Amino acid sequence: SKRANSGNKTIKEDSSTELLLLKTDSFKMKDTYIMSIEKGQIELDFFYPCFVCNSPINPDKEAFVLVHSERKLRKSEFEHFYSMLIYRDEFDHQYRTVDFIMLGQNYEGLADKFRNDLENLYINEGLQLIGGYNTVGSSHEFKFVMYKTCIGFTNTFLFDLVIETLDGYISPEAFENYLNMKYQKEKLILISSFTMHRSEGGDHTTPDSLSIIRLLVFENMSINYDDYSEPFYFVVKPFPKPYSKFENEYALKKAFDQEQIDHQLDVLGVFTGVDVFDSYMVFSRHAESDHDKSTSFSTDL
């Protein structure tokens, strides 16, 4: 196993969460080996990248990475997270960054092109998506961050990713609604989010909330799992205003930690917008009570 740091890591000695945020300018991702202290005991664990997107602080320059510990992944109820640990190639621990370039302005066909490229990488090379980000200075060139699956995985599990697009601004309440309806009706679970902007002729791009396009990558749980019915629901929160003023990953991590502790939520990832004020934290909760399971959601966006 690779025991190497990958960017700036943030961890508190008394942290109850097994979550780190890594922010890198030149992206080279490896597993991270961390020593922490919990309840007076020294804990050694591996941390694995589970969600990669553009940073909500500097979306045009930096990648934003959420990592979970091996302990957390082994207990995860999300198959996508669990698979990252269990079905990785045990002899290949390098993460791949694969180029994706959008040619022209065929925004309507972008989701299909995304899906086709990801499916080809899965079938032909056994690569599974973790996430990705825009290359510096361009909203039309992306890097897929991927890991190598173990031998036989692609013969056992069908390609199960679905790509959808959202144009323009969407409120956190509407996006939360959208994610819950996608899961309730179609068994789709968000695993990644890419951000780009429509060009206004030539190569000129206006980075604002009206021109933004999000490509959302979902795992379709009905493809490889019969009668999948885990009682999940999803919670979307804006970044708190005080934290928006601090341009470092510790402030973002603190925002995530606070929500997880106060509301018993598990972090899934980030929905990146034009900046941190236009970006959201995405959480899940495994509904345990009858009240949780009966929660209803509006279909209005």
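To be clear, the structure that these remarks concern was listed above.
Structure report, in brief. Since we're looking at a predicted model, the values are computed, not measured. (Residues numbered from 1 in each chain as written. Predicted model: local features only at pLDDT ≥ 70, side-chain atom pairs only at ≥ 80, totals over all residues. Heavy atoms only, no water.)

This part covers the overall build of the protein chain. When its secondary structure is counted, the protein chain shows 9 helices and 13 strands. For the protein chain, the proportion of its 301 residues judged to be buried stands at 54%. Of all intrachain contacts in the protein chain linking residues separated by at least 6 positions in sequence, the fraction that spans at least 24 positions is 69%. Summed over its atoms, the accessible surface of the protein chain is roughly 14,300 Å², and 47% of this surface lies on carbon and sulfur atoms. (Helix = DSSP H or I, 4+ residues; strand = E, 2+ residues; numbered from the N terminus. Buried < 20%, exposed > 50% of the residue type's maximum accessible area, 1.4 Å probe, protein only. Contact = heavy atoms within 4.5 Å. Areas by Shrake-Rupley, 256 points an atom, 1.4 Å probe, with all protein chains shown as cover.)

Attention now moves to the environment of tyrosine 183. Examined against the element boundaries, tyrosine 183 turns out to sit in helix H5 (residues 172-186). Between the alpha carbons of tyrosine 183 and glutamate 219 there is a distance of 9.8 Å; along the sequence they are 36 residues apart. Leave out the neighbours within four places in its chain, and tyrosine 183 touches Leu188, Ile189, Tyr228, Ser229, Glu230, Phe232 and Phe234.

Before going further, it helps to examine the sheet that holds strand E10 (residues 212-220). Reading across from one edge, E8-E10-E9 is the order of the 3 strands in this open sheet, with antiparallel pairing throughout. Two strands in the sheet have a free side with no partner beyond their single neighbour: strand E8 (161-167) and strand E9 (188-197). Between one strand and the next, the sheet's axes are offset by a mean angle of 25°, whatever the strand orientation. Lying on the sheet, helix H3 (residues 110-125) is in contact with E8, E9 and E10; it crosses E8 at an angle near 155°. (Pairing = 2+ DSSP bridges. Axes fitted to C-alpha atoms, helices over the stretch in contact; angles between N-to-C directions.)

Backbone geometry places aspartate 227, a non-glycine residue, at a positive phi of 50°. Inspection of the secondary structure assignment puts aspartate 227 in the loop between helix H6 (221-224) and strand E11 (232-238). For aspartate 227, a relative accessible area of 74% gives the class exposed. A positive phi angle, close to 55°, is found at glutamine 264, a residue other than glycine.

Strands sit in the order E11-E13-E12 across an open sheet of 3 strands; the sheet is antiparallel. Across the chains shown, the open sheet's two edge strands, defined by having one partner strand only, are E11 and strand E12 (266-271). On average, adjacent strands in this sheet sit at an angle of 25° to one another, irrespective of strand direction. Pairing between E11 and strand E13 (residues 280-286): 7 bridges, direction antiparallel. Counted as the bridge partner of tyrosine 233 is arginine 285 from E13.

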